[in-house]
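Observations on chain architecture
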Amino acid sequence: MFIVAIVVLLLVAGVMGAAFYRLRSLFDFHIQPERHILVIGSSLGECCINDSILTGWRNLCRSGEYYVHGVPKLENVLAINPQIDTVFITAGIPSFAIFEDTEFYNADMQVLRYHGACIAISDSIERKFYFKNSNFIPYLLTSGLDAFMRPYSIGGFSYLKRHALQHGDKGGIAQYEQSVMKRGGPHYSYEMLWENHHVQIAGLERMIELCKKHHVQCVIFNTPLYHIERFYEDKGYVEYLSTLDDSLLIADYNSFVFPDTLYYGDVNHLNHLGAEYFCKHIKKHGIKTQYLIDYVRQLRLSE
């Protein structure tokens with residue numbers, strides 16, 4: 001029986017190894033030579049940057065991705081694409097408020113499967129976070145089939161057709177207003193950001209380190225949001241930014257003005273019309289950046 005058990009364990013380990021090897025091979029990390037600007041992050045950027053409009057840009061964002069999911073993608077892309085000179089990392093308060101540690105550690109099998117390829121290509125630094133999820137070991141034991149059944153994407157622009165803000169509370173406005181009432185105001189303190197976002201913070205800072213390692217300009221990218229001032233007070237977020245490297249740039253478009261709510265998919269996302277409008281604006285006027293230290297100083301002076 002002992003020999004049989006050993007054989008079974010070896011077979012399981014072999015299947016898992018083969019599955020992960022295949023998952024690692026499913027991504028093609030080559031970027032077209034003419035594209036030298038990356039955008040990476042969650043659906044905030046996925047629905048915002050139409051890289052068919054912006055010459056030289058490549059959107060690597062993917063819905064629901066924590067920064068930890070994006071780290072191995074960025075590492076592999078930068079390793080084989082020397083033309084990359086700038087990386088925009090989508091940020092802003094929703095990049096923390098929506099991506100809490102508890103959600104990451106309690107992710108169910110379906111969510112883990114959705115991020116399967118990112119998990120497979122992650123190294124020990126990121127993978128230590130996954131082992132804190134009680135579903136991770138069962139996921140590993142059943143993930144083999146995904147390697148042969150599920151197509152994977154490195155990320156890209158999402159053509160969002162939603163016009164939720166034109167249809168009452170479907171845009172999430174009521175939900176956000178309830179959250180504001182629960183907090184006693186549009187507040188997201190420095191302490192709130194730190195107390196339940198260790199995974200997200202660790203991932204963001206790893207991305208910044210990778211950009212430095214490859215001598216790539218890193219830009220914190222606050223994507224357009226619908227009336228952010230109604231739902232969040234950004235002091236805590238700004239205080240966190242002040243702890244990052246002064247050499248970082250920031251492109252702050254949280255309060256970018258659109259002609260109408262028609263351009264929003266919901267409170268946090270642009271739809272395809274908003275993405276087109278925004279990207280054509282950038283194409284015409286360029287994207288405005290400033291040093292992070294100057295951005296923080298200006299906001300503090302305006303308080």
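Report follows, based on the coordinates. (Residues numbered from 1 in each chain as written. Predicted model: local features only at pLDDT ≥ 70, side-chain atom pairs only at ≥ 80, totals over all residues. Heavy atoms only, no water.)

Turning to helix 13 (residues 198-213), a few remarks are in order. Spanning 16 residues, helix 13 covers 22 Å between terminal C-alpha atoms, matching the ideal 22 Å at 1.5 Å per step. Looking one or two places after helix 13, you find His 215, whose phi comes out positive at around 55°. (Helix = DSSP H or I, 4+ residues; strand = E, 2+ residues; numbered from the N terminus. Expected span 1.5 Å × (residues − 1).)

The subject of this paragraph is the packing of helix 3 (residues 67-80) against helix 13. Axis separation between helix 3 and helix 13 bottoms out at 8 Å; the angle between their running directions is 15°. Overall, the two elements helix 3 and helix 13 adopt an arrangement that is roughly parallel. In the packing of helix 3 onto helix 13, the handedness of the crossing is left-handed. Where helix 3 abuts helix 13, its residues Tyr 67, Val 68, Gly 70, Val 71, Leu 74, Glu 75 and Leu 78 lie against Val 199, Gln 200, Gly 203, Leu 204, Arg 206, Met 207, Leu 210 and Cys 211. A breakdown of the residues in the contact of helix 3 with helix 13 according to their chemical character gives 10 nonpolar, three polar and two charged. (Axes fitted to C-alpha atoms, helices over the stretch in contact; angles between N-to-C directions. Parallel < 35°, antiparallel > 145°, perpendicular 65-115°, else oblique. Left-handed = near helix turned anticlockwise from the far one by under 90°. Contact = heavy atoms within 4.5 Å. Nonpolar A, V, L, I, M, F, W, Y, C, P; charged D, E, K, R; others polar.)

The next thing to look at is the nonpolar core. In globular proteins that are soluble, nonpolar side chains generally tend to be buried together. With 71 residues, the main nonpolar core has Ile 49, Leu 74, Val 87, Ile 89, Phe 221, Leu 241 and Phe 278 as its most contacted residues. In terms of residue count, the dominant contributor to this core is helix 13 (six residues). In this structure Phe 221 touches Val 39, Cys 48, Ile 49, Phe 88, Ile 89, Thr 90, Ala 91, Ala 251, Tyr 253, Phe 278 and Ile 287, once residues within four positions along its chain are discounted. Ranked by size, the runner-up nonpolar core spans 13 residues in total, among them Tyr 66, Phe 104, Phe 136 and Val 199. (Core = buried A, V, L, I, M, F, W, Y, C linked by side-chain atoms within 4.5 Å. Buried < 20%, exposed > 50% of the residue type's maximum accessible area, 1.4 Å probe, protein only.)

Our next topic: the pairing of strand 1 (residues 37-40). What you see with strand 1 is no split at all: Ile 37 and Val 39 on one side and Leu 38 and Ile 40 on the other are buried throughout. Relative to strand 2 (residues 57-59), strand 1 is paired through three bridges, and the arrangement is parallel. If you follow Ile 37 over to strand 2, its bridge partner there is Trp 57. Bridging between strand 1 and strand 3 (residues 86-91) involves four bridges; their strand directions are parallel. For Leu 38, the partnering residue across the bridge sits in strand 3 and is Val 87. (Pairing = 2+ DSSP bridges.)

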